[in-house]
Structures are given as C-alpha cells and as structure tokens.
Amino acid sequence: NRREKLVRIVETYGAMKGSVARNAAGAFNVAIAELAGALKSLNVKEYPPDEDVEREIWYHAFRPFSWSAGLFGLAALLFLMGYVYGSKAVWGVSMAVHVTAIGMTAYGYGLRWMISDRYPLSNHYESMIAVALFGAVISFIAELVMKKRIFGFAGATAGVVMVLLANTVPAFADQSAFSTIMPALQTFWMTVHVPVIMAGYAGGLMICILGHVYIFTFLLRRGSPEKEAQLAELDGVLYRALQVTVL
C-alpha cells in the first residue's frame, strides 16, 4: 500500500545518506537505484518517462550554452577582424561560426523546452538566453542583407555577453535549474508578448554595442576622409538597428 511505499522511500533515502557518510560508492549506487524504483512505484503516472530523464541528464552533461558562448566569442573576434581588414573570406568564416553558435543555442533552448514541457522564458536565466538567441538571429539576417560585418560583431558580442552572464553570475545561474512555472505566467501571452519584448531587448543591446564601436572609432582613429566615411556608415547601421528594434 501507499504507506509501505513511503516507508521504503524514507528508508532507502536514509541508506543513501549513510553510504555518502561512509564514502561507500557501491552502496550509494545500490541505494540510488532502489530509491529511483521506490519513487517510481509510488506514482507511476506522474513519474517522467525514461527518455525525459535521459534528455535532462544529457543536457547537464553536454552543457550546450557553454559551447555556444565559446562559438559566439570566436564569431565576434572573426567579425571584428573582417570589419577592420575588409576581408570577405574572414566574413564568410565568421558567418559560418555565427550560425553554428545560433544552432547550438537553439539546440540548448529546445532541450529546455522539451524537458520543462513549457516555453522556456519564465525567469532571468531563460530570458537572458533568449536575448542572446534573438540578437544573434537578427544580426545574422542583417548580415545576409547588408553585409556590413559590424552587425555580426554586435550580435555575436551580445550573444557571448548574455550567455556568460546567465551562466556565471550566481543570481542568474541559480535560476538555471528546472522548476515549475508560477500560475501567473501560465498564459497564452507568455508565448507571444514576452518573446517580442526579449527581441526588443536584443535589438537595444546591439545598438549599445554599435554605439560603443562608434565612440571608439571617433576617439581612436585619426582624422581622415576614411574615418568620416566609416563614421557615416556606422550612423546608417545604427539607424537601421534602431528601426528594427522599434518595430
């Protein structure tokens, strides 16, 4: 009966703790297996399927957002080199790395979606990952259309900054654990209103990065016709980014 199952769960949990205190790895593995079976037998319908458990274990072992941070950082460096030296070859490589980073971030985001069985945008951690993803996608499309190189730099920089902050700052990283969503957020607007807002934040962050590029260009480059042309080009890029963000 249910009481006997609960007693077994408590006893098995106690055995697990005892094996940890004794540093007995074999006994710990046995206790873990027994505890998993006991918990599953208590309410079979509510226990997640084996594939869901394996998916969550894979998510934590693979750490897709750590990979995406590295890829975004590499893409940002390559975009900057392509912008400074005007190299089409470097631009092509940077686009390939950038789209790989987007794919890795989307993969990790999709895993969170399947594991939690809801749209993953309920806390600071998930929101920051979403901003990184939206910014990267917007910059990738802008690069395909305008080929300015600096759009890609802004999007890749936004991506690496947001992913790193989400995973290293304790206030944000603590929210990476999977949890149930509060009732106030269980609404259709969670999948419509919030993503649009996050996309706007991504655009704003890209404008911030582009603005810093403009300031450093203005301060560090010597006066010349090339400098004036570059600043004029950055003016146009900032204006286009502002249009997209407002929309």
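This report concerns the structure included in the present document. (Residues numbered from 1 in each chain as written. Predicted model: local features only at pLDDT ≥ 70, side-chain atom pairs only at ≥ 80, totals over all residues. Heavy atoms only, no water.)

### With respect to the nonpolar core
Within the largest apolar cluster, 55 residues are counted, with the highest numbers of intra-cluster contacts made by Leu121, Ile150 and Leu210. Contributions of two or more residues to this core are made by helix H4 (64–85), helix H5 (88–116), helix H6 (124–146), helix H7 (150–168), helix H9 (193–220) and helix H10 (225–246). Ile150 has contacts with Tyr83, Glu143, Leu210, Val213, Leu234 and Val237, leaving out every residue within four places of it along the chain. In this structure, Ile9, Met16, Ala31 and Leu35 belong to the second largest nonpolar core, which totals five residues. (Core = buried A, V, L, I, M, F, W, Y, C linked by side-chain atoms within 4.5 Å. Buried < 20%, exposed > 50% of the residue type's maximum accessible area, 1.4 Å probe, protein only. Helix = DSSP H or I, 4+ residues; strand = E, 2+ residues; numbered from the N terminus. Contact = heavy atoms within 4.5 Å.)

### Concerning the layout of surface pockets
In this structure, the largest pocket spans a volume of roughly 320 Å³. Lining the largest pocket are 13 residues, with Leu80, Tyr83, Val213, Phe216 and Thr217 positioned closest to its centre. Of all the secondary structure elements, the ones that give two or more residues to the lining of the largest pocket are H4, H7 and H9. Considering each element in turn, the lining of the largest pocket owes the most residues, six residues, to H9. Among the residues making up the lining of the largest pocket, the classes are represented as nine nonpolar, three polar and one charged. One number sums up the size of the second largest pocket: a volume of about 240 Å³. Taken together, 14 residues make up the lining of the second largest pocket; nearest its centre are Arg63, Phe65, Ser66, Tyr125 and Asn167. Those elements giving two or more residues to the lining of the second largest pocket turn out to be helix H3 (50–62), H4 and H7. Top element by residues in the lining of the second largest pocket is H4. It accounts for four residues. (1 Å grid on protein atoms, 1.4 Å probe; cavity = no way out; pocket = protein on both sides within 12 Å on 5 of 7 lines; lining within 4 Å. Points joined across faces, edges and corners; volume = space filled by probe spheres on them. Nonpolar A, V, L, I, M, F, W, Y, C, P; charged D, E, K, R; others polar.)

### Comments concerning H5
Three or four residues apart is the spacing at which side chains of an α-helix point the same way, because the helix has 3.6 residues per turn. With 29 residues, H5 ought to run about 42 Å at 1.5 Å a step, and its terminal C-alpha atoms sit 42 Å apart, in line with that. Regarding H5, its N-cap is Ser87, as a side-chain oxygen of that residue lies 3.4 Å from the backbone nitrogen of Ala89 further along. (Expected span 1.5 Å × (residues − 1). Polar contact = N/O pair within 3.5 Å; in protein donor to acceptor, adjacent residues only side chain to side chain.)

### Overview of the environment of Tyr83
Mapping Tyr83 onto the fold places it in helix H4. C-alpha of Tyr83 to C-alpha of Val145: the two residues are 62 residues apart in sequence and 16 Å apart in space. Setting aside residues no more than four positions away along its own chain, Tyr83 makes contact with Lys148, Arg149, Ile150, Gln230, Glu233 and Leu234. A distance of 2.9 Å separates the side chain of Tyr83 from the side chain of Gln230, its partner in a polar contact.

### Here we look at unusual backbone geometry
A positive phi is found at Arg63, a non-glycine position, where the angle reads about 55°. Relative accessible area serves as the criterion here: at 53%, Arg63 is assigned to the exposed category. One non-glycine residue, Lys147, lies in positive phi territory at about 55°.

### Side note on the packing of aromatic side chains
Inspection of every chain in the model, using the stated rule, returns eight aromatic pairs. Taking the centre distance of 6.1 Å and the plane angle of 75° together, the rings of Phe62 and Tyr107 count as edge-to-face. One end of the pair, Phe62, is in helix H3; the other, Tyr107, is in helix H5, and 45 residues separate them in sequence. With a relative accessible area of 36%, Tyr107 lands in the partly exposed category. For the ring pair Trp113 and Tyr119, a centre distance of 4.7 Å and an interplane angle of 80° mean the geometry is edge-to-face. Using a relative accessible area of 14% as the deciding quantity, one classes Tyr119 as buried. Members of the aromatic cluster, joined through ring pairs, are Trp58, Phe62, Trp67 and Tyr107. Stacked on the ring of Phe178, the Lys or Arg Arg112 has its end atom at 4.5 Å from the ring centre. (Phe/Tyr/Trp six-rings, centres within 6.5 Å; stacked < 30°, edge-to-face > 60°. Lys NZ or Arg CZ within 6 Å of the ring centre and 35° of its normal.)

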